[in-house]
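One-letter residues, chain by chain:
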Amino acid sequence: MNQPDTKDTLEMIIEGLRDRKGRDITILDLDDVDSAPARKFVIASGTSTMHVSSLADNVREHLLEEARVKPYNYDGYGASSWIVIDYGEIMVHVFLPETRMRYDLESLWSDANITRLPDEF
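Residues numbered from 1 in each chain as written. Predicted model: local features only at pLDDT ≥ 70, side-chain atom pairs only at ≥ 80, totals over all residues. Heavy atoms only, no water.

The next thing to look at is the environment of Met12. Mapped onto the elements, Met12 comes out in helix H1 (residues 6-19). Along the primary structure Met12 and Glu66 are separated by 54 residues, whereas in three dimensions their C-alpha atoms are 7.9 Å apart. When sequence neighbours within four positions are dropped, the list of residues in contact with Met12 reads Pro4, His62, Leu63, Glu66 and Ala67. (Helix = DSSP H or I, 4+ residues; strand = E, 2+ residues; numbered from the N terminus. Contact = heavy atoms within 4.5 Å.)

Okay, the side chain of Ser45 next. Looking at the secondary structure, you find Ser45 in strand S2 (residues 40-45). Look at Ser45 and you get buried, because its relative accessible area is 2%. A polar contact of 2.9 Å, which involves the side chain of Ser45, links it to the side chain of Arg100. Ignoring any residue separated from it by four or fewer positions in sequence, one finds Ser45 in contact with Gly22, Arg23, Asp24, His51, Leu55, Phe95, Pro97 and Arg100. (Buried < 20%, exposed > 50% of the residue type's maximum accessible area, 1.4 Å probe, protein only. Polar contact = N/O pair within 3.5 Å; in protein donor to acceptor, adjacent residues only side chain to side chain.)

Once that is clear, we can look at the side chain of Thr26. Take Thr26: it is sitting in strand S1 (residues 23-29). Using a relative accessible area of 2% as the deciding quantity, one classes Thr26 as buried. In terms of polar contacts, Thr26 uses its side chain to reach the side chain of Arg100, at 3.0 Å. Other than its neighbours up to four places away in sequence, Thr26 contacts Phe41, Val42, Ile43, Arg100, Glu106, Ile114, Thr115 and Arg116.

Counting 23 residues, the largest nonpolar core has Ile13, Leu17 and Tyr87 as the members making the most contacts within it. Ranked by residue count, the leading element in this core is helix H2 (residues 49-67), at six residues. Once residues lying within four places of it in the same chain are set aside, the contact partners of Tyr87 are Ile13, Val59, Arg60, Leu63, Val69, Lys70, Pro71, Tyr72 and Val92. (Core = buried A, V, L, I, M, F, W, Y, C linked by side-chain atoms within 4.5 Å.)

Before going further, it helps to examine the pattern of salt bridges. In the structure shown here, the tally under the stated rule is nine salt bridges. The partner of Arg39 in a salt bridge is Asp31, and the shortest N-O contact between them spans 2.8 Å. Overall, the relative accessible area of 33% leaves Arg39 in the partly exposed class. Since its relative accessible area comes to 38%, Asp31 is described here as partly exposed. Among the charged side chains, a salt-bridge network with shared partners connects Asp29, Asp31, Arg39, Lys40 and Glu89. (Salt bridge = Lys/Arg side-chain N within 4 Å of Asp/Glu carboxyl O.)

Summed over the entire model, instances satisfying the criterion amount to four aromatic pairs. Their ring planes at 80° and their centres at 5.8 Å tell us that Phe41 and Trp109 sit as a pair that is edge-to-face. A residue pair is termed long-range when its members are at least 10 positions apart, and Phe41 in strand S2 and Trp109 in the loop between helix H4 (105-108) and strand S6 (113-116) qualify at 68 residues. One aromatic cluster is present, formed by Trp82, Phe95 and Tyr103 through successive ring pairs. Directly above the ring of Tyr74 sits Arg60, whose terminal nitrogen or CZ lies 3.8 Å from the centroid. (Phe/Tyr/Trp six-rings, centres within 6.5 Å; stacked < 30°, edge-to-face > 60°. Lys NZ or Arg CZ within 6 Å of the ring centre and 35° of its normal.)

Below, the structure written as structure tokens:
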């Protein structure tokens, strides 16, 4: 099976987050930011540490089942207040709301093109 392109991977990540009722899904397009560690960030919030873990698990499972894509790495399951999943060109960040506010990636990378998706529940 061929590796999906960035757009397909992005759509599968969003499906994985929405399937478990991820909140405040935001896409940061970092293509024009020279110092960016990835082309895109997908940021979402969960309502509890269990929800954050469930969201991250579902993204990983969804990409594995749909496209046989495994992340390069992931971290944050210990505390589950911020889990990051590295898919190379796309980094997925799943936060508790207070942790998301503290680190405020949207402001840190404010020179990115930012798209906020409506919640679908």
